Amino acid sequence: MIDARLQPLQRAVLQPPAALLAARGITADSISIAGFAVGLLAIPALAFGWWMAAFVLIAANRIMDGLDGAVARIHGPTDRGAFLDIALDFVFYALVPLGFALHDPAANALPAAVLIAAFVGTGSSFLAFAAIAAKRGDQAAKFRTKGIYYLGGLTEGFETIAVFLAMCLFPASFAMLAWIFAAACGMTTVLRWHQGWTTFR
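Since the model is a prediction, treat every value here as computed from it, not as a measurement. (Residues numbered from 1 in each chain as written. Predicted model: local features only at pLDDT ≥ 70, side-chain atom pairs only at ≥ 80, totals over all residues. Heavy atoms only, no water.)

1. A closer look at the overall build of the chain
Each helix and strand in the chain was counted, giving seven helices and zero strands. Secondary structure of the chain in N-to-C order comes out as α-α-α-α-α-α-α. In terms of C-alpha radius of gyration, the chain reaches 17 Å, essentially the compact-globule figure of 17 Å for 201 residues. Considering only C-alpha atoms, the chain reaches an extent of 50 × 45 × 25 Å along its principal axes. (Helix = DSSP H or I, 4+ residues; strand = E, 2+ residues; numbered from the N terminus. Rg over C-alpha atoms; globule rule 2.2 N^0.38 Å.)

2. Remarks on the nonpolar core
Grouped together as the largest cluster of nonpolar side chains are 31 residues, with contacts concentrated most on I58, F100, F164 and M167. Listed by contribution, the elements that provide at least two residues to this core are α2 (28–47), α3 (51–75), α4 (79–103), α5 (105–136), α6 (157–169) and α7 (174–199). At seven residues, α4 tops the list of elements feeding residues into this core. Sequence-distant contacts of F100, defined by excluding residues within four places in its chain, comprise L46, W51, N108, M167, C168 and F174. (Core = buried A, V, L, I, M, F, W, Y, C linked by side-chain atoms within 4.5 Å. Buried < 20%, exposed > 50% of the residue type's maximum accessible area, 1.4 Å probe, protein only. Contact = heavy atoms within 4.5 Å.)

3. Quick look at α5
With 32 residues, α5 should cover 46 Å at 1.5 Å per step; its first-to-last C-alpha distance of 45 Å lies within 8% of that length. Backbone geometry just downstream of α5 places G137 in the positive-phi region, at approximately 80°. (Expected span 1.5 Å × (residues − 1).)

4. Focus on the packing of α6 against α7
The interhelical angle for the contact between α6 and α7, taken along N-to-C directions, is 165°, at an axis separation of 10 Å. What the angle tells us is that α6 and α7 run roughly antiparallel. Judged by the sense of rotation from one axis to the other, the crossing of α6 with α7 is right-handed. For the pair α6 and α7, contact is made by E159, T160, V163, A166 and M167 and by F174, L177, A178 and F181, respectively. A class-by-class count of the residues in the contact of α6 with α7 yields seven nonpolar, one polar and one charged. (Axes fitted to C-alpha atoms, helices over the stretch in contact; angles between N-to-C directions. Parallel < 35°, antiparallel > 145°, perpendicular 65-115°, else oblique. Left-handed = near helix turned anticlockwise from the far one by under 90°. Nonpolar A, V, L, I, M, F, W, Y, C, P; charged D, E, K, R; others polar.)

5. As for a nonpolar patch on the surface
On the surface, M52, L169 and F170 cluster together into a nonpolar patch covering about 330 Å² of accessible area. Mapped onto the elements, F170 comes out in the loop between α6 and α7. Judged by its relative accessible area of 52%, F170 falls in the exposed class. (Patch = residues over 30% accessible without salt bridge, like charges linked within 9 Å, V, L, I, M, F, W, Y side chains within 5 Å. Areas by Shrake-Rupley, 256 points an atom, 1.4 Å probe, with all protein chains shown as cover. Salt bridge = Lys/Arg side-chain N within 4 Å of Asp/Glu carboxyl O.)

6. Some thoughts on the packing of aromatic side chains
If you walk through the whole model with that rule in mind, you get eleven aromatic pairs. Taking the centre distance of 6.3 Å and the plane angle of 65° together, the rings of F90 and Y93 count as edge-to-face. One end of the pair, F90, and the other, Y93, are both in helix α4, three residues apart, so they sit about a helical turn from each other. Since its relative accessible area comes to 24%, F90 is described here as partly exposed. Judged by relative accessible area, Y93 falls into the buried class, the value being 12%. The rings of F90, F92, Y93, F119, F126, F164 and F181 are connected pair by pair, giving a single aromatic cluster. (Phe/Tyr/Trp six-rings, centres within 6.5 Å; stacked < 30°, edge-to-face > 60°.)

7. Brief notes about the environment of A175
Inspection of the secondary structure puts A175 in helix α7. Judged by its relative accessible area of 21%, A175 falls in the partly exposed class. Along the primary structure A175 and W193 are separated by 18 residues, whereas in three dimensions their C-alpha atoms are 27 Å apart. Apart from the residues lying within four places of it in its own chain, the contact partners of A175 are A107, N108 and P111.

8. As for the pattern of salt bridges
When their charged atoms lie close together, side chains carrying opposite charge are able to pair. One pass over the structure, following the stated rule, counts three salt bridges. For D29, the salt bridge identified is with R80, shortest N-O distance 2.9 Å. Here R80 lies in helix α4 and D29 lies in helix α2, a separation of 51 residues in the sequence. One salt bridge connects D89 with R62, and the closest N-O pair in it is separated by 2.9 Å. Of this pair, D89 sits in helix α4 while R62 is found in helix α3, placing the two residues 27 residues apart along the sequence. For the pair shown, D89 and R62 are each scored as buried.

Structure below.
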């Protein structure tokens, strides 16, 4: 919902470290892969209830996700990089609720499953819209630097990560947060369906 508004601040903060990494020959793709590997470590941390470790790993994954884009803008963006970025992001988003489910299946499995299903709705509507928009040559006015058409919504990257971090800080509230955010994701999916229906008529 506020990703576009945060872009200028994000770029200002990440530009200096991105320039340093780019100068040392580190590619955006390598940062994407390393960031995903860091994010994977959050899953066993969640499963074992190491909440602060999970918090740090999730935050690190997101910082590296921003850095790969900043480095890509220096070296020049590629189609492979855009594909890798979004593909790894969606898998990571689904794995975080799984980590909570592994920690306490009795309390967390059902809300985690519903949240993952809601992510399928937001992710599939996002990618379906992007595919058709690319075919038509459309561009998202607020996200012109993205590698694919970036369709906004009620739940975007910032909101998702904020909820994940809140879940780490208040793990006993995971189920409640998961139900609430799944409902918000459901609203996002319906709104994107409507946007696709009207845009592509």
